[in-house]
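These are the residues of each chain, in order.
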Amino acid sequence: MTCRELADRVGVYRAGELPVAARASLLFHAWMCPCCRALLSTYDVTLALSVELAEQQVPEEVAREFDRMIERAMAPAS
Amino acid sequence: MALPRSERYATGVSLPLVQRLRSRDRAAFTELCHAHRDRLYGIAWSVTRERQEALDILQDTLTSAWRSIEQLQDDTALGAWLGQIALNHARMRLRSRRRKPAEAMDDIDAWYDDGGHRLERHTRWPRADDALERARMAQRLATLVERLPEDARELWALADVEQLSMQEISAIAGLHVANVKTRLHRTRLQLREWLAIELKGAR
Ligand SMILES: [Zn+2]
């Protein structure tokens, strides 16, 4: 496996969907190649940082505004 | 009260709710709003990254759903259908917002020589266990995402920020799962690359 091929397979590998043989050659390549070891770890960091960009829950003021919106929508039409 | 993330994305819904919506039952609408609030807000927020805009999208989505519930073909696909509506509203708002034009994504082959070897030496990233450094890196990433073409940014937001399953994204975005995976991976490699360049330049 080349560095280029490894880059193509990182996503599938991390999703746990890489077949055993391809997985073995990926791990062997990474063991030999510092660049690809760095790619694997920084790919993971990039994913972990993305998760941190989520809002963990709907903010309080948004929830309140949302409730008011439903109330307005439910009010009988005048 | 927010539901745990694992429960926020349940798309299945009992048939009676949809039937009640079709018969213009207002209580059913309230129920729909509460049941899908967190999930739809998550979709809207991750794509637009603005609270007020996400709230507006949430409102537009639910209003559209109420008005056009007859268009829902498969009652069990309510969650995916709502997600599609939310994504459409998010797209319209992103387009009307003045954004910098997207940058072209790199040709990945250009990162490698003819033998498939990586051309550039890797550099160490700051230790990601330092909370402050991590927050800074996350902020950098948020800025880099603005450079992405719209569709790439969308898939990244739904998958890597909102953590929707590939099946859900496929249903919402109208793409095959394999296509979602390929495009998403391409985007992740690009973001990683831009982030690496930024981090190198920052030292
Ligand atoms: Zn390599």
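Sequence order sets the numbering: in each chain, residues are counted from 1 along the sequence as written. To label them, take the chains in the order written and letter them from A, then take the ligands in the order written and number them from 1. Two thresholds apply to this predicted model, a pLDDT of at least 70 for residue-level local features and 80 or more for giving and counting side-chain atom pairs, whereas whole-chain, interface and lining totals are computed over all residues. Hydrogens and waters are ignored; side-chain quantities use all the structure's heavy atoms.

**Points about the coordination of the zinc ion**
Residue and element names in this part refer to chain A. Spelled out, the test is: Sodium, potassium and calcium take a 3.2 Å donor cutoff, other metals 2.8 Å, and in both cases only N, O and S atoms count; water is not among them, so sites may look incomplete. Here the metal geometry follows the donor angles, with tetrahedral for four donors whose angles all fall between 85 and 135 degrees, square planar for four and octahedral for six when opposite donors are more than 155 degrees apart and every other angle is between 65 and 115, and irregular for all the rest. Helix and strand assignments come from DSSP, with helices taken as H or I runs of at least 4 residues and strands as E runs of at least 2, each series counted from the N terminus. Exposed residues in this analysis have more than 50% of their type's maximum accessible area, buried residues have under 20%, and partly exposed residues fall in between, with area computed by a 1.4 Å probe over protein chains only.
Surrounding the zinc ion are the protein donor atoms Cys3 (SG), His29 (NE2), Cys33 (SG) and Cys36 (SG), which sit 2.0 to 2.3 Å from the metal. Taken together, the four donor atoms surrounding the zinc ion define angles of 100 to 115 degrees at the centre, an arrangement classified as tetrahedral. Each donor residue of the zinc ion belongs to the same chain, and together they define the spacing C-x25-H-x3-C-x2-C. In this pair, cysteine 3 is assigned in helix H1 (residues 3-14) and cysteine 36 in helix H3 (residues 34-52), connecting sequence segments 33 residues apart. Overall, the relative accessible area of 4% leaves cysteine 3 in the buried class.

**Here we look at the domain arrangement of chain B**
Residues and elements named next belong to chain B. Operational definition: The domain boundaries here were taken from an automatic or database domain assignment. In what follows, residue pairs with any heavy atoms lying within 4.5 Å of each other are defined as contacts. By buried area we mean how much accessible surface two parts lose on assembly, using a 1.4 Å probe and totalling the loss over both. One speaks of a salt bridge when a side-chain nitrogen belonging to Lys or Arg is within 4 Å of a carboxyl oxygen belonging to Asp or Glu. Any pair of N or O atoms that falls within 3.5 Å is considered a polar contact. Within protein, one atom must be able to donate a hydrogen and the other to accept it, and sequence-neighbouring residues count only if both atoms are side-chain atoms. All amino acids are sorted into three groups, where Ala, Val, Leu, Ile, Met, Phe, Trp, Tyr, Cys and Pro are nonpolar, Asp, Glu, Lys and Arg are charged, and the leftover types, Gly among them, are polar.
Domain parsing of chain B yields domain 1 (5-97) and domain 2 (108-201). Between the C-alpha centres of domain 1 and domain 2 the distance comes to 27 Å. In this complex, domain 1 contributes 19 residues to the contact, which on the side of domain 2 involves 14 residues. Both faces considered, domain 1 and domain 2 share a buried interface measuring about 1500 Å² in area, 54% of it formed by carbon and sulfur atoms. For the pair domain 1 and domain 2, the interface holds three salt bridges. The closest approach of N and O atoms between arginine 95 and glutamate 150, which form a salt bridge, is 2.7 Å. Counting the contacts that link domain 1 with domain 2 gives four residue pairs in polar contact (both at pLDDT 80 or more). Contributions of two or more residues to the side of domain 1 that touches domain 2 are made by helix H1 (5-8), helix H3 (26-48) and helix H5 (78-96). The biggest single contributor to the side of domain 1 that touches domain 2 is H5, with seven residues. When grouped by side-chain class, the residues that make up the side of domain 1 that touches domain 2 number six nonpolar, six polar and seven charged.

**Brief notes about the layout of surface pockets**
Regions of empty space are outlined by a rolling probe, equal in size to a water molecule, passed over the atoms. Note the threshold: Using only the protein atoms, space was sampled on a 1 Å grid; points where a 1.4 Å probe fits but cannot get out form cavities, open sets with protein on both sides within 12 Å along at least five of seven lines form pockets, and lining residues are those with an atom within 4 Å of a point. Grid points are joined across faces, edges and corners, and a volume is the space filled by probe spheres set on the points.
Size it by volume and the largest pocket reaches roughly 420 Å³. What lines the largest pocket is a set of 19 residues, among which Gly11 and Ala15 of chain A together with Met166, Leu184 and Arg188 of chain B lie closest to the centre. Looking at the lining of the largest pocket, the elements that each hand over two or more residues are H1 and H3 of chain A together with helix H7 (150-161) and helix H9 (177-201) of chain B. Tallying contributions element by element places H9 of chain B first for the lining of the largest pocket, with six residues.

**Concerning the side chain of serine 170 of chain B**
Here serine 170 of chain B lies in helix H8 (residues 166-173). Discounting chain neighbours no more than four positions away, the residues touching serine 170 of chain B are Leu175, His176, Val177 and Val180 of chain B.

**What about the interface of chain A and chain B?**
Each side of the interface is counted separately: chain A has 42 residues, and chain B has 47 residues. Both sides of the chain A and chain B interface together cover about 4100 Å² of buried area, and 66% of this is carbon and sulfur. Looking only at chain A, the three residues that lose the most surface to chain B are Arg4, Leu53 and Glu55 of chain A, adding up to 17% of its buried area. Our count for the contact surface shared by chain A and chain B stands at five salt bridges. When the shortest N-O distance is used, the salt bridge between glutamate 61 of chain A and arginine 51 of chain B registers 3.2 Å. Between the two partners, chain A and chain B, sit 16 residue pairs in polar contact (both at pLDDT 80 or more). Looking at the side of chain A that touches chain B, the elements that each hand over two or more residues are H1, H3 and helix H4 (60-74) of chain A. With 14 residues, the single largest contributor to the side of chain A that touches chain B is H3 of chain A. Of the residues assigned to the side of chain A that touches chain B, the class counts are 25 nonpolar, seven polar and 10 charged.

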